[in-house]
Amino acid sequence: MHQEGTFAFGVVFGATAMKGRALVTGGAGFIGSHVADHYLEAGYDVTIVDDLSSGREENIPRAAEFVHADIGSSEVRRLLERTRFDVLNHHAAQMDVRVSVEDPSFDARVNILGLLNLLEGARAGGTKRVVFASSGGVVYGESDDLPHVEHARKLPVSPYGVSKLTSEYYLAAYTQLYGMQCVALRYANVYGPRQNPHGEAGVVAIFCSRINRGQQLTVFGDGGQTRDYVFVRDVARANMLATKWWTDNPATIDATAFNIGTATETSVNELAQALIGAVGAAVSIMHAPERAGELRRSAVAIERAGRDLDWKPETALGEGLKQTYEWIRENGA
Ligand SMILES: NC(=O)c1ccc[n+]([C@@H]2O[C@H](COP(=O)([O-])OP(=O)(O)OC[C@H]3O[C@@H](n4cnc5c(N)ncnc54)[C@H](O)[C@@H]3O)[C@@H](O)[C@H]2O)c1
């Protein structure tokens, strides 16, 4: 396994050396926009594809080219066919677990057929490298054997989880068939600036938004359910490292997957207390009935990303929560 230095096919435009062309799907969304920022900072030419179904135009970096389109469209397929992107970074998704349960066909259309449209375009256009946003929160399912290592048993309990795992198998097949280098990053619970606090959002964004409006925090059940919270800029950095990583032995889906988290379980009660402490808020916490179908515990092991990507999370929870709250306060969310 190796880390490449820079792309051998870097292009020179005027006086500026470009590291490569990156297509970021979902780049108007929370994580994808930070990933796009990182590619731009590293000298890539960035194109964003997003249908703005949950993403926002304000999130799109000014230096990126924006294509307002569905990942499943012929327009996006043609874009990939005629542009030799050096990397396809795929973050666009239907990612609402409840929607996937209510309408699994819609979930599969966006997450599976959308991916295939992108992969077929990439294959025809000569794009060799794919970085895919998978989910450590859903592919492993419920188990007490925490934190989950990459080769742990996979048992997704929602169509969304099945679509993420299925996507990883398609990536493995394209790697075998066409010699592409596909990497799946299995994220834990990502939080940070630009996360949408509305609808089925992450608990951190919801809590920050409620504190900002002076409202009490609602904890479902006893609040002992745990998650592994990882800061979005650490996640974006992992994407850059994964873009340069390659293996000549992509034998299984786990050989080309990295968990990206902190390996630490934090309960919802602890999270609420940490947030209140970090921002010095004076809000109370109320408990509401437990929500059906929620995992009790979740965390991912990160030794593999440390060893092969030289990645580890650098943002402590308190610091990340403070930055998230500041963003929500400044943006009135
Ligand atoms: N947020 C997390 O904690 C987390 C955890 C695990 C995995 N992920 C994965 O990371 C990725 C990004 O998640 P996020 O939290 O930034 O969500 P997000 O909703 O902010 O971003 C998703 C983006 O994809 C766009 N999109 C959706 N359907 C599209 C389509 N058919 N065509 C084009 N664009 C489309 C949306 O408009 C949005 O901008 C998703 O693939 C998600 O499954 C997120």
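Residues numbered from 1 in each chain as written. Predicted model: local features only at pLDDT ≥ 70, side-chain atom pairs only at ≥ 80, totals over all residues.

> Before we move on, can you summarise the overall build of the protein chain with the specific residues and values?
For the protein chain, the helix and strand inventory stands at eleven helices and 17 strands. Since a compact globule built from 333 residues should have a radius of gyration of about 20 Å, the 19 Å found for the protein chain is in line with a globular shape. Seen through its principal axes, the protein chain has C-alpha atoms that stretch 55 × 45 × 40 Å. Of all 333 residues assigned to the protein chain, the portion counted as buried reaches 49%. Restricting the contact set of the protein chain to residue pairs at least 6 apart, pairs at least 24 apart contribute 78%. (Helix = DSSP H or I, 4+ residues; strand = E, 2+ residues; numbered from the N terminus. Rg over C-alpha atoms; globule rule 2.2 N^0.38 Å. Buried ≥ 20, exposed ≤ 12 C-beta atoms within 10 Å, placed from the backbone. Contact = placed C-beta atoms within 7 Å.)

> Tell me about the site of the ligand, and please be specific about residues and values.
The full set close to the ligand counts 31 residues, and G26, G29, F30, G55 and A93 are the nearest of them. Tallied by class, residues from the shell around the ligand come to 13 nonpolar, 15 polar and three charged. (Near = placed C-beta within 6 Å. Nonpolar A, V, L, I, M, F, W, Y, C, P; charged D, E, K, R; others polar.)

> Residue-level account of the environment of E294, with values.
Structurally, the position occupied by E294 is in the loop between β17 (285-288) and α10 (303-309). According to the C-beta neighbour criterion, E294 is partly exposed, with 13 such atoms within 10 Å. Each C-alpha atom, one on E294 and one on F85, is 39 Å from the other, the two residues being 209 residues apart in sequence.

> Outline the nonpolar core, supporting the account with residue identities and numerical values.
Ranked by internal contacts, the top residues of the largest apolar core, which has 90 residues, are L185, V235, A238, A242 and I260. The element best represented in this core is helix α8 (residues 232-244), accounting for seven residues. For L185, the residues in contact, after removing those within four places along its chain, are V131, A133, S134, A238, N239, A242, F258 and I260. (Core = buried A, V, L, I, M, F, W, Y, C linked by C-beta atoms within 7 Å.)

> If you had to explain unusual backbone geometry to someone new, which residues and values would you point to?
A negative phi angle characterises most non-glycine residues, just as the trans form characterises most peptide bonds. At the junction of L146 and P147, the peptide bond is cis and its omega measures out at -10° in the coordinates. Residue placement: P147 occurs in the loop between α5 (136-139) and α6 (159-178). Phi is positive for L52, close to 60°, though the residue is something other than glycine. Tracing the sequence through the fold places L52 in the loop between β5 (44-50) and β6 (65-68). Positive phi is not limited to glycine here, since D310 has a value of about 60°. Topologically, D310 is positioned in the loop between α10 and α11 (317-330).

> Go over the packing of helix α9 (residues 268-279) against α11, please, and point to the residues and values.
Relative orientation and spacing of two packed helices are given, respectively, by the angle between their axes and the distance between those axes. At a minimum axis distance of 9 Å, the contact between α9 and α11 shows a crossing angle of 65°. Looking at the two axes, α9 sits roughly perpendicular to α11. Once α9 is placed against α11, the crossing between them reads as right-handed. On α11, the residues that touch A274, L275, A278 and V279 of α9 are L317, G318, L321, K322 and Y325. The residue makeup of the contact of α9 with α11, split by class, is seven nonpolar, one polar and one charged. (Axes fitted to C-alpha atoms, helices over the stretch in contact; angles between N-to-C directions. Parallel < 35°, antiparallel > 145°, perpendicular 65-115°, else oblique. Left-handed = near helix turned anticlockwise from the far one by under 90°.)

> Break down the packing of helix α2 (residues 74-82) against helix α4 (residues 104-125) for me, with residues and values.
Taken N-terminus to C-terminus, the directions of α2 and α4 make an angle of 25°; their axes are 6 Å apart at the nearest point. By the angle between their axes, α2 is roughly parallel relative to α4. Handedness of the crossing formed by α2 with α4: right-handed. Taken together, the residues of α4 that come into contact with α2 (itself represented by V76, R77, L80, E81 and R82) are N117, L118, E120, G121, A122, A124 and G125. Grouping the amino acids of the contact of α2 with α4 by side-chain chemistry returns five nonpolar, three polar and four charged.

> Residues and numbers for the environment of G32, please.
Locating G32 in the fold gives a position in helix α1 (residues 30-41). With 28 C-beta atoms packed within 10 Å, G32 lands in the buried category. Distance from G32 to A92, taken between C-alpha atoms, is 7.8 Å for residues 60 residues apart in sequence.

> Tell me about the pairing of strand β7 (residues 87-90), residues and numbers included.
Burial of the side chains of β7 extends over both faces: V87 and N89 are buried on one face and L88 and H90 on the other. Summarising the sheet, β7 and strand β8 (residues 129-135) pair through three bridges and their orientation is parallel. From the neighbouring strand, H90 faces β8, where its bridge partner is F132. (Pairing = 2+ DSSP bridges.)

> Run through the sheet that holds strand β9 (residues 181-187), naming residues and quoting values.
If you trace the seven strands from one edge of the open sheet to the other, you get β6-β5-β4-β7-β8-β9-β15, paired in parallel fashion. Single-partner strands in this sheet number two, and they are β6 and β15 (257-260). The sheet shows a mean angle of 20° between the axes of neighbouring strands, direction not considered. Where strand β4 (residues 20-25) and β5 come together, six bridges link them in parallel fashion. Each bridged residue has a counterpart across the sheet, and for A22 the counterpart in β5 is V46. Taken strand by strand, α4 contacts β4, β7 and β8, and its axis lies near 175° from that of β7.

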